[in-house]
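In case you want the letters, here they are:
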Amino acid sequence: MLRLQKCLKGPVVEAVRSRLVLPDVVQQVIEKLRSKYGRPVHLIKTFIEKVRKIPAPQTDKLDSLGEYGEAVQCMVDHMVAAGERAHITNPLLLQEVVGKLPTDQQLRWSHHIRGMTSVDLSTFSDYMEDLAEDAARLTTIDSPSVRGTSKGRPTKGYVHAHVDPDGATTSSAAERQCVSCNVAGHVLSTYTNFRGLPVKDRWRLAFYCRPRTAAIPENRWKSDAPGSSMTLMDEDLAKQLGVKGERRPLCIKWTGDTTRVEPASMMIDLQIGPVTSTKRFYLKAVRTVTSLSLPPKTFTIYDERWGHLKQLPLPEYRDARPQLLIGLDNLRLAVPLKTREGLAGEPVAVKTRLGWCVYGKTAGSQIGRVLHMCKCGASDENSTIQGALRKFYELEYLGTVSSDVPDPDKRRALTILETTTVRIGNRFESGLLWKTDNVELPSSLGMARRRLECLERRMERDPKLKTVVHHHIADMMEKGYTHKATSAELSESNSKRIWYLPFGVVTNPKKPGKVRIIWDAATKVQDTSLNDMLLKGPDELISLPEVLFRFRMYGIAVCADVTEMFLQIRMCDENKHAQRFLWREDPADDIATYFVDVVTFGSACSPATARYVKNRNAREHAEKYPRAVRGILTGTYVDDYG
């Protein structure tokens, strides 16, 4: 589950977000992802589209034959792996992929299949593999397809960098760094793993690692302020638009002398304009790059708070990833013509020739973002012997050394737990771990209503599910975990801390009939969720290896677990309004408001609250049951004791 939470991104994680808190439904989540995104027909369709979009190979550019051959082989390999024989024998698809070859290569293909009784995509894939190998043997480091023409030497562009206006510069082999190992003056003959690399990487190294003794003039774009000195475009966007241009190597440089080489960059001209107008502007000498890798953008208009943005033609969007970066060479398009400002700290709207733009930063969300940030770690110590040994000893020392120093957030969370947690009879009561004292939540009533109606439609299609869910809700009300809100309770609430929790239903194919209710505190409204406003709390969780090490001590192991651990803890009255939910027995009835009276399974702070209460309860009995208390404090992992 941790690996899923870490690797899923974008719309994929949204499809299963409510289930990413339950380790016992991992297989169910994987099956849902496989059914939605991993079906063979979808994957094959993707590879077919990739073959269709790849530029047609050219005889005078041998590397293009290799790229096309690799794409075809990848497509056919997936067809074979999926057992999709119908795709492999599709004569129209075969005719289409053969038709992208240059005329002379089509003649060679026709000669190749002469006399064959059966020809399909597998035959063509084998042919392209042989053709790619032939192209690789014919390619030399001086061939135009690898080296480029004299005017095609790498152009240098600068992104977010201050550049001295000193005109052209020179570089030599002594100061040139290898694109593979970053060693200055490195030449191809010293690269020991060259033969083991794919053909495409060998071409790349053959060009950029060879000795260069002559000075190379650079076309340097000048900039007096941070920003991109040239206009850049994602290669995928250029393919979608169907625009092509002359390929020239491009070297992009960021701050800190960070560089990236784009050997297949195209220089293209195109027109752009606002979607609400027919007016168009020319962009000349736009350079394509493999991927801009710009972060996705989300913009939602908050009419209540941002009155200065009212009536502006500002469309809302979510997770839109920019594919065009307009540089200083087209600065005229970004000149502010009008400006709308609000209060200090609020976003600013600027009208340009391309339309209205909004930029700025708000609490809880950020419109403008810092670009080109490295996501990798400072070093990969795990790949060294020292790193492996250190990890080994860290594992062995678990449970023997504790050096945890709480940060301000943990100290705040601990203070809230200490002040709000009280014993009431045989139960404890606690509160939510708010990040700040002045939390203000957006209205979530509409979202909760839509989620309830969606669940009702699902239950109407599945009568068994409906029966189980209704029984589950009734059982929770009977046990006192939830109750229907009264008019008096609703009237005494703090309007800034009201949140409606949508609940989801999780089933497990391996446990027929078992249904678990999930209170989805991660659902966002206006880019804010309840979990965004909560602290995770202090980490008092005993590490799993530390618990497992205890099994080394004796010959017999004893295991137990806490029944409904979260539900045993009451929620204080003040915070119950952040745990409202909507429910009705019949879709024809009016929707009523209910409260979750206990700690919910789904809130970010619930695990920390449960662990704190468990340990506090144990410490209260330290004198009478010291051995039991020691076992609870040191041998319990979440709600499992061993």
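These numbers come from a predicted model, not from an experiment. (Residues numbered from 1 in each chain as written. Predicted model: local features only at pLDDT ≥ 70, side-chain atom pairs only at ≥ 80, totals over all residues. Heavy atoms only, no water.)

**Some points on a nonpolar patch on the surface**
(1) Moving on: Where nonpolar side chains cluster on the molecular surface, the patch consists of Leu544, Leu548 and Phe551 and spans about 270 Å² of accessible area.
(2) Moving on: Position of leucine 548 among the secondary structure elements: in helix 18 (residues 544-549). (Patch = residues over 30% accessible without salt bridge, like charges linked within 9 Å, V, L, I, M, F, W, Y side chains within 5 Å. Areas by Shrake-Rupley, 256 points an atom, 1.4 Å probe, with all protein chains shown as cover. Salt bridge = Lys/Arg side-chain N within 4 Å of Asp/Glu carboxyl O. Helix = DSSP H or I, 4+ residues; strand = E, 2+ residues; numbered from the N terminus.)

**Overview of the packing of aromatic side chains**
(1) Moving on: For the structure shown, the criterion picks out six aromatic pairs.
(2) Moving on: Through successive ring pairs, a cluster of aromatic residues spans Trp109, Phe124 and Tyr127. (Phe/Tyr/Trp six-rings, centres within 6.5 Å; stacked < 30°, edge-to-face > 60°.)

**What about empty space enclosed by the protein?**
(1) Moving on: Within the structure shown, the criterion is met by nine cavities of 30 Å³ or more.
(2) Moving on: There is about 90 Å³ of room inside the largest cavity.
(3) Moving on: Along the wall of the largest cavity there are ten residues; nearest its centre are Asp24, Val25, Asn508, Lys514 and Arg516.
(4) Moving on: Its residues placed into classes, the lining of the largest cavity shows four nonpolar, two polar and four charged. (1 Å grid on protein atoms, 1.4 Å probe; cavity = no way out; pocket = protein on both sides within 12 Å on 5 of 7 lines; lining within 4 Å. Points joined across faces, edges and corners; volume = space filled by probe spheres on them. Nonpolar A, V, L, I, M, F, W, Y, C, P; charged D, E, K, R; others polar.)

**What about the pattern of salt bridges?**
(1) Moving on: Counted according to the given criterion, the structure contains 14 salt bridges.
(2) Moving on: Here lysine 524 makes a salt bridge to aspartate 532, at a shortest N to O gap of 2.6 Å.
(3) Moving on: Overall, lysine 524 belongs to the partly exposed group, its relative accessible area being 36%. (Buried < 20%, exposed > 50% of the residue type's maximum accessible area, 1.4 Å probe, protein only.)

**Some thoughts on helix 19 (residues 606-619)**
For an α-helix, 3.6 residues make a turn, and residues three or four places apart therefore share a direction.
(1) Moving on: Relative to the 20 Å expected for 14 residues at 1.5 Å per residue, helix 19 spans 20 Å between its end C-alpha atoms, a close match to the ideal helical length.
(2) Moving on: Among all positions of helix 19, only Ser606, Ala608, Thr609, Ala610, Arg611, Tyr612, Val613, Lys614, Asn615 and Ala618 are buried.
(3) Moving on: Looking at the buried positions of helix 19, the neighbouring elements they touch are helix 14 (408-420), strand 17 (427-430), strand 22 (569-571), helix 20 (626-635) and strand 25 (636-637). (Expected span 1.5 Å × (residues − 1). Contact = heavy atoms within 4.5 Å.)

**Structural notes on a negative patch on the surface**
(1) Moving on: Together, Asp77, Asp126, Glu129, Asp130 and Glu133 make up a region of like negative charge exposed at the surface.
(2) Moving on: The biggest single contributor to the negative patch is helix 9 (residues 121-138), with four residues.
(3) Moving on: You can see glutamate 129 is positioned in helix 9. (Lys, Arg positive; Asp, Glu negative; His and termini not counted. Charge placed at Lys NZ, Arg CZ, Asp CG, Glu CD.)

**Let's talk about the confidence of the model for the protein chain**
(1) Moving on: With 76% of its residues at a pLDDT of 70 or more, the protein chain shows a mean pLDDT of 76.
(2) Moving on: Low pLDDT, under 50, characterises residues 363-383; the stretch is placed with 27 contacts to residues that sit more than four places away or in other chains. (pLDDT = per-residue confidence, 0-100.)

**A word on the sheet that holds strand 26 (residues 640-641)**
Whenever strands of a sheet pair, they do so through backbone hydrogen bonds, lying parallel or antiparallel.
(1) Moving on: Sheet architecture is open: three strands sit in the order 21-26-25, paired in antiparallel fashion. The open sheet is flanked by strand 21 (560-561) and strand 25, the only strands paired with a single partner. (Pairing = 2+ DSSP bridges.)

**Quick look at the environment of arginine 411**
(1) Moving on: Position of arginine 411 relative to the elements: it lies in helix 14.
(2) Moving on: Linking arginine 411 and proline 538, residues 127 residues apart in sequence, is a C-alpha distance of 7.8 Å.

**Notes on the nonpolar core**
(1) Moving on: If you look at the biggest cluster of nonpolar residues, it comprises 53 residues, and the most contacted ones within it are Trp434, Trp499, Phe503, Trp519, Leu530 and Trp583.
(2) Moving on: Considering every element that reaches this core, the biggest residue donor is helix 15 (residues 445-461), with five residues.
(3) Moving on: Sequence-distant contacts of leucine 530, that is, excluding residues within four places in its chain, are made with Trp434, Leu441, Trp499, Leu501, Ala521, Thr523, Ala578 and Ser603.
(4) Moving on: Core analysis: the next-biggest nonpolar cluster, separate from the first, contains 26 residues, Tyr68, Val76, Trp109 and Leu131 among them. (Core = buried A, V, L, I, M, F, W, Y, C linked by side-chain atoms within 4.5 Å.)

**Let's talk about the pairing of strand 24 (residues 592-596)**
(1) Moving on: Buried residues dominate strand 24, accounting for five of its five residues.
(2) Moving on: Because side chains alternate across strand 24, one face comprises the buried residues Ala592, Tyr594 and Val596, and the other comprises Thr593 and Phe595, equally buried.
(3) Moving on: When strand 18 (residues 482-484) meets strand 24, the two strands line up antiparallel, connected through three bridges. What sits directly across from lysine 484, in strand 24, is tyrosine 594.
(4) Moving on: By the bridge criterion, four bridges tie strand 23 (residues 580-583) to strand 24 in an arrangement that is antiparallel. Within strand 24, the residue paired with arginine 580 across the bridge is phenylalanine 595.

**Digging into the sheet that holds strand 3 (residues 246-247)**
(1) Moving on: The strand order 3-6-7-2-10 describes an open sheet built from five strands, whose pairing is mixed. The strands lining the two open edges of the sheet, one partner per strand, are strand 3 and strand 10 (324-325).
(2) Moving on: In this structure, strand 2 (residues 232-234) lies alongside strand 10, joined through two bridges in antiparallel fashion. Paired with leucine 232 across the two strands is leucine 325, which belongs to strand 10.

**A word on the environment of lysine 524**
(1) Moving on: Assignment of secondary structure puts lysine 524 in the loop between strand 20 (515-519) and helix 18.
(2) Moving on: Along the sequence, lysine 524 and methionine 447 sit 77 residues apart, while their C-alpha atoms lie 8.8 Å from each other.
(3) Moving on: Residue contacts for lysine 524: discarding those within four places in its chain leaves Ser529 and Asp532.
(4) Moving on: For lysine 524, the side chain forms a polar contact with the side chain of aspartate 532, separated by 2.6 Å. (Polar contact = N/O pair within 3.5 Å; in protein donor to acceptor, adjacent residues only side chain to side chain.)

**Comments concerning the packing of helix 15 against helix 16 (residues 463-478)**
(1) Moving on: With their axes 5 Å apart at the nearest point, helix 15 and helix 16 run at an angle of 125 degrees to one another. In this view, helix 15 runs oblique relative to helix 16, as classed from their interaxial angle. Only Pro463, Leu465, Lys466, Val469 and His470 of helix 16 make contact with helix 15, whose side of the interface consists of Arg458, Met459, Glu460 and Arg461.
(2) Moving on: Classifying every residue of the contact of helix 15 with helix 16 by side-chain character gives four nonpolar, one polar and four charged. (Axes fitted to C-alpha atoms, helices over the stretch in contact; angles between N-to-C directions. Parallel < 35°, antiparallel > 145°, perpendicular 65-115°, else oblique.)

**Here's the deal with the pairing of strand 12 (residues 348-352)**
(1) Moving on: Strand 12 sits mainly inside the fold: four of its five residues count as buried.
(2) Moving on: Pairing between strand 11 (residues 338-340) and strand 12: three bridges, direction antiparallel. By the bridge assignment for strand 12, lysine 338 is matched with lysine 351.
(3) Moving on: As paired elements, strand 12 and strand 13 (residues 355-359) share five bridges and run antiparallel to each other. Bridge pairing links valine 348 to tyrosine 359 in strand 13.
(4) Moving on: Between the end of strand 12 and the start of strand 13, which pair antiparallel, lie two residues.

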